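# Coordinate analysis (summary)
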Amino acid sequence: MSLASERQSPTAHAASGSPIIEMTGVNKWFGEFHVLKEIHLAVERKERIVICGPSGSGKSTMIRCINALEEHQRGKIVVDGIELTSNLKNIDAIRREVGMVFQQFNLFPHLTVMENLTLAPIWVRKVPKKEAEETAMYYLERVRIPEQAQKYPGQLSGGQQQRVAIARSLCMKPKIMLFDEPTSALDPEMVKEVLDTMVSLAEEGMTMLCVTHEMGFARTVADRVIFMDFGEIVEQNRPDDFFGNPQSDRLKLFLSQILH
Amino acid sequence: MTDQTLHRTVQHAARTGGDSPVVQPPSTKTGVIGWLRANLFSTWYNSLATLILLYILAKLVPGIIDWLFISAVWSHTEPEVCRAADGACWAFIHEKYRLILFGTYPFDEQWRPTLAVLLYLVLLLASCNRAFWKPWLGVAWVVLLAVIGTLMYGGIFGLTQVPTTRWGGLPLTLMLASFALAIGFPLGILMALGRRSDLPIVRMLSVAYIELIRGVPLITVLFMASVMLPLFLPQGVSINNLLRAQIGIILFASAYLAEVVRGGLQAIPKGQYEAADSIGLGYWQKTRLIILPQALRISIPPLVNTFIGLFKDTSLVIIVGLFDLVGAAKAALTDPSWRGFYRESYFFIAMIYFVFCFSMSKYSQHLEKKLNVGTRR
């Protein structure tokens, strides 16, 4: 059973041709600080997008707006046909379809790995416990740590915790996965195991938005790479052009700093 | 063995898991002698402190033991015998323990509060076992409360009616403390959540409640509940004095517990809220499943601290005319023929308070250890 075939059920809201995420003229301020400026972004189904840029450029804030962890203050965000407003019903509906992986994993330390994975399916999707546990085991095998199911997150390595966090999101069978610097808090030897998991997810056709500094991942996996600076999308392109033929000076400078 | 080879052996043993001979620490660092040297006589000032404390103990302990046990009067005897003796007069406790334990509850009916307290303690001990934390335990408590209420108040099943004005002693103390915690704690959790709410009105009301109640002494709250409250009630409506005091203590408890719980809530990283949001949990699901279990676990030490404080604070109800354990102990001293045995009286109730408070403390430590699995590395 592949992941792609599982998520094949077409949504009632949107025709399969239209973008699954549409941000139009999105603006956000933190107090006086204008963190997102007129963001326009359309993401197609199954598209894999990598977002990079210097720290403080608004890339995390942008993807956090997609599942309403941050509230945008102007503009329009439509996810899978549902407009993101302050209406809690819409927010809940979108969060059920959008998975998120955090830099700090954010597993629930008082629950076992298995409980971490089954919590949302049981309480949010109202799946029977047994079925939720079967799904959880399936995804734990996918991220290659089924033997850790009964342990607590504190007993796992960082790489294992992040893979559990990915599995936790997948258990909700999301249509979109957001990754907010998923490998930045990991020891170097653990980065690969997490990236491998993400690559296999991408190969199965998951729609992914990934904020990362792993340029190797961007080159091999991304359909499109986006460069943000000072709250704006400065440049976006296919990976080979993005890295091989950068247009703006800001991107050229950024690339020269991260690719020695 | 040179230092270098020793070093290598230790390293090797650590790496291979110890096939090579185990190197023991020097004998001066282990055993009784080692412990004494390390802990009591490590430096000259540590030795000095040890000797001074030993001297003080040697001066005090024999006197206390003599008063408590050796010179004490144990037999049930006349007050005059006691006055002649140098030690404690346990005959006084023998004479008065029923008054101290049950206050002015009718003498012939005191089997009823005895049974009530015993039933309460049995279920309380059973509730300490986490394996019993099931819905039936809640039902058992409701049934038990009904049974205790019936036993204490009577009026049916051939039990004579005993008005609450005659309740006193240990049952009263346990009742005031138990309801204060059982109702004040959930109320406190709600207030703590309210204080951190995004809704301005909820937040303002919670802050006002907590600060108002916390800003006045318990005595004042009790006076207000007992004396002022009836003034605001419509004519003809009166609330039982005991109930008024109980409500006062509950309000007081909830305000303090709210602040303790808030401390726990603040220690939960923002990422936990975001993770719960991102998987689609609603506010109450998030609070109940993710936030509170963690916040309450880290709050156990200050929570128990507050519990213990409240348990003892119930003794203040004496000022609104209720005879709890302390009040009853004082009442026992008013008997002219037994006047003056206040040391024995207070020692007796101090021991009762100590047993309860120490049990709470020990149980909380046990609970802390049990609930600590998640963060264990």
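Bear in mind the structure is a predicted one, so any value in this text is a computation, not a measurement.

### Overview of the overall build of chain B
If you tally the helices and strands in chain B, you get 16 helices and two strands. Taken over the C-alpha trace, chain B has a radius of gyration of 28 Å; the compact-globule value for 377 residues is 21 Å, which it surpasses by more than 25%. Scored against the burial criterion, the 377 residues of chain B give a buried share of 39%. Look at the contacts in chain B between residues 6 or more apart in sequence, and 68% of them connect residues 24 or more apart. Approximately 21,700 Å² of chain B is accessible, and the part contributed by carbon and sulfur atoms is 69%. Taking the average place of the 31 positive charges on the side chains of chain B and the average place of its 19 negative ones, the gap between the two points comes to 10 Å.

### Describing the interface of chain A and chain B
Listed as interface residues are 23 residues of chain A and, on the opposing side, 21 residues of chain B. Of the roughly 2,000 Å² buried between chain A and chain B, counting both surfaces, carbon and sulfur atoms make up 59%. Inspection of the region where chain A meets chain B yields two salt bridges. The salt bridge partner of Glu274 of chain B is Arg64 of chain A, with a shortest N-O separation of 2.5 Å. Mapped by element, the contributors of at least two residues to the side of chain A that touches chain B are strand S6 (98-101) and helix H4 (113-123) of chain A.

### Quick word on the packing of aromatic side chains
For any pair of aromatic rings, geometry is given as the distance between the ring centres together with the angle between the planes. Counted according to the given criterion, the structure contains 15 aromatic pairs over all chains. Ring centres 5.1 Å apart and planes at 40° place the aromatic pair Phe227 of chain A and Phe254 of chain A in the tilted group. Residue Phe227 of chain A is found in strand S9 (residues 224-229), and its partner Phe254 of chain A is found in helix H10 (residues 249-258); the two are separated by 27 residues along the sequence. The pair formed by Phe227 of chain A and Phe254 of chain A is uniform in burial state, with each residue classed as buried. Plain terms: the ring middles of Trp90 of chain B and Phe347 of chain B are 5.8 Å apart, the flat faces sit at 45° to each other, and that makes the pair tilted. One end of the pair, Trp90 of chain B, is in helix H5 (residues 90-102); the other, Phe347 of chain B, is in helix H16 (residues 342-371), and 257 residues separate them in sequence. According to the relative accessible area criterion, Trp90 of chain B is buried, its value standing at 12%. Counting every residue linked through ring pairs, the aromatic cluster contains Trp67, Trp90 and Phe347 of chain B. We note Arg168 of chain A situated over the ring of Phe108 of chain A; from NZ or CZ to the ring centre the distance is 4.6 Å.

### Concerning the UniProt feature "domain: ABC transmembrane type-1" (unreviewed entry) in chain B
In the numbering used here, UniProt assigns the feature "domain: ABC transmembrane type-1" (unreviewed entry) to residues 170-364 of chain B. As annotated, residues 170-364 of chain B comprises 78% helix and 1% strand, and the C-alpha atoms at either end are separated by 22 Å.

### Comments concerning the packing of helix H8 (residues 170-195) of chain B against helix H13 (residues 283-298) of chain B
Helix packing for two helices is described by the angle between their axes and how far apart those axes are. Residues and elements named next belong to chain B. The geometry of H8 relative to H13 is characterised by a closest axis approach of 13 Å and an angle of 110° between their N-to-C directions. With respect to their mutual orientation, H8 and H13 come out roughly perpendicular. Considering how the two elements wind past one another, H8 and H13 form a crossing that is right-handed. Facing Phe185, Ile189, Leu190 and Leu193 of H8, the residues of H13 in contact are Tyr283, Trp284, Thr287, Leu292 and Leu296. When grouped by side-chain class, the residues that make up the contact of H8 with H13 number eight nonpolar, one polar and no charged.

About the criteria used
Residues numbered from 1 in each chain as written. Chains lettered and ligands numbered in written order. Predicted model: local features only at pLDDT ≥ 70, side-chain atom pairs only at ≥ 80, totals over all residues. Heavy atoms only, no water. Helix = DSSP H or I, 4+ residues; strand = E, 2+ residues; numbered from the N terminus. Rg over C-alpha atoms; globule rule 2.2 N^0.38 Å. Buried < 20%, exposed > 50% of the residue type's maximum accessible area, 1.4 Å probe, protein only. Contact = heavy atoms within 4.5 Å. Areas by Shrake-Rupley, 256 points an atom, 1.4 Å probe, with all protein chains shown as cover. Lys, Arg positive; Asp, Glu negative; His and termini not counted. Charge placed at Lys NZ, Arg CZ, Asp CG, Glu CD. Buried area = accessible area lost by both parts, 1.4 Å probe. Salt bridge = Lys/Arg side-chain N within 4 Å of Asp/Glu carboxyl O. Phe/Tyr/Trp six-rings, centres within 6.5 Å; stacked < 30°, edge-to-face > 60°. Lys NZ or Arg CZ within 6 Å of the ring centre and 35° of its normal. UniProt positions renumbered as here; feature names shortened; annotations may be inferred. Axes fitted to C-alpha atoms, helices over the stretch in contact; angles between N-to-C directions. Parallel < 35°, antiparallel > 145°, perpendicular 65-115°, else oblique. Left-handed = near helix turned anticlockwise from the far one by under 90°. Nonpolar A, V, L, I, M, F, W, Y, C, P; charged D, E, K, R; others polar.

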